[in-house]
Amino acid sequence: MLLLAPMEGLLDATLRDVLTRTGGIDRCVSEFIRVTNTVLPERAFIRVVPELLNGGRTRAGVPVRAQLLGSDPTLLAENAERLAGLGPHGIDLNFGCPAKTVNQSRGGAVLLDEPELVGRIVAAVRRAVPAHMPVSAKMRLGYNDDERAEDCAHAIAEAGADELVIHARTKAHGYRPPAYWDRLAEVRASLPPAHRRLPVIANGEIWTAADAARCREVTGCEHLMIGRGMVTDPGLALAIKGLGGVPWSVLPPLFEIFWRQVSARVERRHRSGRLKQWLNYLRKRYPEAQAAFDELRLVNEPDDIEAWLRRAQGPDILTTESIRALPAEMAPAC
């Protein structure tokens, strides 16, 4: 199983929609919904996870698990109960976000210094939602160090989580390579016998199919979560599954779908930045993306971006015929 990771400010509902059209992703996790001092209204969940209006799936049909972030077990449980009523494909709990502002408000990776609290949060959410709805957690190896990694993993397992994703770095490591897959393997192996069947999913520094194979070998984890690798190479999930990849020629129609959704959700002055942000990742994989990035680097007007999109695709932008020419999982459903 391959999961698409959440990435605040990058891998949101728009990019989830586009990337799941290329195939290979089995499930997504949303970016976090922050819980502070109240039970959120339904619109707050839908704003982050608009797939809740589509049966909890992306337009390509890939299920989405909604993620909550916070530190109050009672409030998280109450919000999880309301969220469960909207029909996500499970609820995930964030114990991995390394952002300074999040950690300062006692959210994300900072909680890894308090494994007992981590366990209470998972147990409270597990009790609050229907038994059939999966509850999972995502953690890093620790905050400033990895000394309590086993304690946190044990607390999550003992609290009744159905799944555990481990990003193989601490908060202090940030996103700097390498990912410490061998340390993840030790944490996984340390789970008590009663919890050995808990699926542990490896995350971190999976950029190629070869990386995925090595990660599986080192960690012993069958299932993987990919994030920046998939943003950089939209064919990565297919490649990991031995199903080829995605050539550049497939991407221009996806840019049009991406731009259409960005234009509907993002202020005009910020729209071009979103496309350039994605192209900046893509240029690590595609020479054509480097050329596109160079051409658009100083372009900010949406009208000029749209002119570039027309040139990139030719005259038949998303006509009925061009949509039919796409693989079935990539045809727009909007």
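The structure under discussion appears in the preceding block.
First, a word on scope: everything that follows refers to the structure included in this document. (Residues numbered from 1 in each chain as written. Predicted model: local features only at pLDDT ≥ 70, side-chain atom pairs only at ≥ 80, totals over all residues. Heavy atoms only, no water.)

### Notes on the sheet that holds strand 7 (residues 200-203)
The pairing of strands in a sheet happens through backbone hydrogen bonds and is either parallel or antiparallel. Here we have 8 strands rolled up into a closed barrel, ordered 1-2-3-4-5-6-7-8, and parallel in their pairing. Strand-to-strand twist of the sheet, defined as the mean angle between neighbouring strand axes without regard to direction, takes the value 30°. Bridge analysis of strand 5 (residues 135-142) against strand 6 (residues 163-170) gives 6 bridges, and the strand direction is parallel. Within strand 6, the residue paired with K138 across the bridge is V165. Contacts from helix 3 (residues 73-84) reach strand 3 (64-69) and strand 4 (91-95) within the one sheet, and its direction differs from that of strand 3 by about 155°. (Pairing = 2+ DSSP bridges. Helix = DSSP H or I, 4+ residues; strand = E, 2+ residues; numbered from the N terminus. Axes fitted to C-alpha atoms, helices over the stretch in contact; angles between N-to-C directions. Contact = heavy atoms within 4.5 Å.)

### Digging into helix 1 (residues 13-20)
Burial of helix 1 is extensive: 8 of the 8 residues sit out of reach of the surface. Of the residues making up helix 1, those classed as buried are A13, T14, L15, R16, D17, V18, L19 and T20. (Buried < 20%, exposed > 50% of the residue type's maximum accessible area, 1.4 Å probe, protein only.)

### Considering the pairing of strand 2 (residues 27-34)
In terms of burial, strand 2 is largely enclosed, as 7 of its 8 residues are buried. As judged from the 2 bridges shared by strand 1 (residues 2-4) and strand 2, these two strands associate in the parallel manner. Residue pairing for strand 2: L4 is matched across the bridge by C28. Here strand 2 runs beside strand 3; their pairing, made up of 5 bridges, is parallel.

### So, the nonpolar core
Within the largest apolar cluster, 103 residues are counted, with the highest numbers of intra-cluster contacts made by L68, F95, F255 and L279. In this structure, F95 is in contact with G108, A109, L111, L112, V118, I121, V122, A137, K138, M139, R140 and I156, ignoring residues within four places of it in sequence. Residues L3, V29, I201 and M225 belong to the second largest nonpolar core, which totals 6 residues. (Core = buried A, V, L, I, M, F, W, Y, C linked by side-chain atoms within 4.5 Å.)

### A short note on the environment of R183
Structurally, R183 is set in helix 7 (residues 181-189). Expressed as a C-alpha distance, the spacing of R183 and G314, which sit 131 residues apart in the sequence, is 49 Å. Those residues in contact with R183, other than ones at most four positions away along the chain, are L141, D146, A149 and E150. At 2.8 Å, the side chain of R183 forms a polar contact with the side chain of D146. (Polar contact = N/O pair within 3.5 Å; in protein donor to acceptor, adjacent residues only side chain to side chain.)

### Some words on the environment of S30
Summarising the element assignment, S30 is placed in strand 2. Once the C-alpha coordinates of S30 and G90 are considered, the two residues, 60 residues apart in sequence, prove to be 11 Å apart. Residues within four places of S30 in sequence aside, it is in contact with P6, R16, V48, V49, V64, R65, A66 and Q67. A polar contact of 3.0 Å, which involves the side chain of S30, links it to the backbone nitrogen of Q67.

### Focus on unusual backbone geometry
Put simply, P177 and P178 share a cis peptide bond, and its omega is 5°. Position of P178 relative to the elements: it lies in the loop between strand 6 and helix 7. Positive phi values are uncommon outside glycine, yet R106 reaches one of about 60°. Along the chain, the position of R106 falls in the loop between helix 4 (100-104) and helix 5 (115-128).

### Brief notes about the pairing of strand 3
Most of strand 3 sits inside the fold, with 6 of its 6 residues counted as buried. With burial as the criterion, each face of strand 3 is covered, one bearing V64, A66 and L68 and the other bearing R65, Q67 and L69. For strand 3 and strand 4, the ladder comprises 3 bridges, and the chain directions are parallel. Directly across from A66, in strand 4, lies its bridge partner I91. Where the polypeptide runs from strand 3 across helix 3 and back to strand 4, its parallel neighbour, the crossover connection is right-handed. (Right-handed = clockwise from strand over helix to strand, strands pointing away.)

### Points about the side chain of K138
Here K138 shows up in strand 5. For the buried residue K138, which engages in no salt bridge, the nearest side chain bearing the opposite charge is D92, 7.3 Å off. Side chain to side chain, K138 and N203 meet in a polar contact 3.3 Å long. (Lys, Arg positive; Asp, Glu negative; His and termini not counted. Salt bridge = Lys/Arg side-chain N within 4 Å of Asp/Glu carboxyl O.)

### A look at the packing of helix 6 (residues 149-158) against helix 7
Here helix 6 crosses helix 7 at 45°, and the two axes come no closer than 9 Å. Classified by the angle their axes make, helix 6 and helix 7 are oblique. In the packing of helix 6 onto helix 7, the handedness of the crossing is right-handed. Where helix 6 approaches helix 7, its residues A149, E150 and A153 are matched on the opposing element by R183, E186 and V187. The residue makeup of the contact of helix 6 with helix 7, split by class, is 3 nonpolar, no polar and 3 charged. (Parallel < 35°, antiparallel > 145°, perpendicular 65-115°, else oblique. Left-handed = near helix turned anticlockwise from the far one by under 90°. Nonpolar A, V, L, I, M, F, W, Y, C, P; charged D, E, K, R; others polar.)

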